[in-house]
Amino acid sequence: MKQESQLELQFIGEVSFEEEEIMNKATLVIEKGIKEIKTIRDMVTSVSIPDGATSIGEHAFANCYLLTSINIPSSVISIGDYAFSRCSGIKNINNWGSVERIGEYAFKSINVETLRLTENITSIGKEAFSEITTLKTVSYDGLKNPTIENVFTNSKVTEISVKIGYENDKFCELIPK
């Protein structure tokens, strides 16, 4: 039984998310009191990615500025270019799971203060964490260098920590000057 304060709308097609696979299975709950819907992206506040999903596609949630946190299931191994770009409401990323690849600009302009990157991550795309003015601390749990390029451009990172035994300082050289 649905609560009176909510209407359920199911939709199919490319309305706001660019990943057709997501759209074919999407359910949107519209809160009572919403007067106008410009785009679905203007309404997304949380995302529950189902266990079993292996990738989050390019631009999948880009510009969902009300999105506040992400829980990435352990089945996801790839996050596409611009996947969460300009989701300025994101203050927390829960669980990197088995993510190996983070695409270019994937988390550009989010609002986290700390990042804890897991050892599974082997590739971080160009400017993946750029323009995050709130970002101060980054830790990397791996012992090998991921493939990286200008990851923190225009961010305010002041501290990067790595595990004892880390092979060299390439990751630490990423602190913006």
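Below is a summary of the structure that appears in this document. As the structure is a prediction and not an experimental result, all values here were calculated from the model.

1. Section: the sheet that holds strand S10 (residues 123-124)
Link 1 in the chain: Across the sheet, five strands lie side by side as S4-S6-S8-S10-S12; this open sheet has parallel pairing. The open sheet terminates on both sides in strands that have one partner only, identified here as strand S4 (55-56) and strand S12 (147-148).
Link 2 in the chain: Judged from the two bridges that link them, strand S8 (residues 101-102) and S10 form a sheet pairing that is parallel. Following the sheet pairing, Ile-102 is matched in S10 by Ile-124.

2. As for the sheet that holds strand S7 (residues 92-94)
Link 1 in the chain: On the basis of which strands lie adjacent, the open sheet formed by three strands has the order S3-S5-S7 and parallel pairing. Unpaired on one side and paired on the other, strand S3 (47-48) and S7 mark the two borders of the sheet.
Link 2 in the chain: Relative to S7, strand S5 (residues 69-71) is paired through three bridges, and the arrangement is parallel. The partner of Ser-69 across the bridge, within S7, is Asn-92.

3. Here we look at the nonpolar core
Grouped burial of nonpolar side chains is what soluble globular proteins tend to show.
Link 1 in the chain: Formed by 39 residues in total, the largest nonpolar core has its most connected members in Ile-79, Phe-84, Ile-93, Trp-96, Phe-107 and Phe-129.
Link 2 in the chain: Residue assignment for this core shows that the elements contributing at least two residues are strand S9 (114-117) and strand S11 (137-140).
Link 3 in the chain: If sequence neighbours within four positions are ignored, Ile-79 has contacts with Ile-56, Ile-72, Phe-84, Trp-96, Val-99, Arg-101, Ile-102, Gly-103, Ala-106 and Phe-107.

4. Topic: the side chain of Ser-139
Link 1 in the chain: With respect to the secondary-structure elements, Ser-139 resides in strand S11.
Link 2 in the chain: Ignoring sequence-local partners within four residues, the contact set of Ser-139 consists of Leu-115, Arg-116, Leu-117 and Ser-161.

5. Things to note about the pattern of salt bridges
Link 1 in the chain: Tallied over the full model, the rule gives three salt bridges.
Link 2 in the chain: Note that Arg-101 is salt-bridged to Asp-81, the shortest N-O span being 3.2 Å. Taken as a pair, Arg-101 in strand S8 and Asp-81 in the loop between strand S6 (78-79) and S7 lie far apart in primary sequence, 20 residues in all.
Link 3 in the chain: Take Arg-101: its relative accessible area is 34%, and that puts it in the partly exposed class.
Link 4 in the chain: In this structure, Lys-108 and Glu-131 form a salt bridge, with 3.6 Å as the shortest nitrogen-oxygen distance.

What counts, and where the lines are drawn
- Residues numbered from 1 in each chain as written.
- Predicted model: local features only at pLDDT ≥ 70, side-chain atom pairs only at ≥ 80, totals over all residues.
- Heavy atoms only, no water.
- Pairing = 2+ DSSP bridges.
- Helix = DSSP H or I, 4+ residues; strand = E, 2+ residues; numbered from the N terminus.
- Core = buried A, V, L, I, M, F, W, Y, C linked by side-chain atoms within 4.5 Å.
- Buried < 20%, exposed > 50% of the residue type's maximum accessible area, 1.4 Å probe, protein only.
- Contact = heavy atoms within 4.5 Å.
- Salt bridge = Lys/Arg side-chain N within 4 Å of Asp/Glu carboxyl O.

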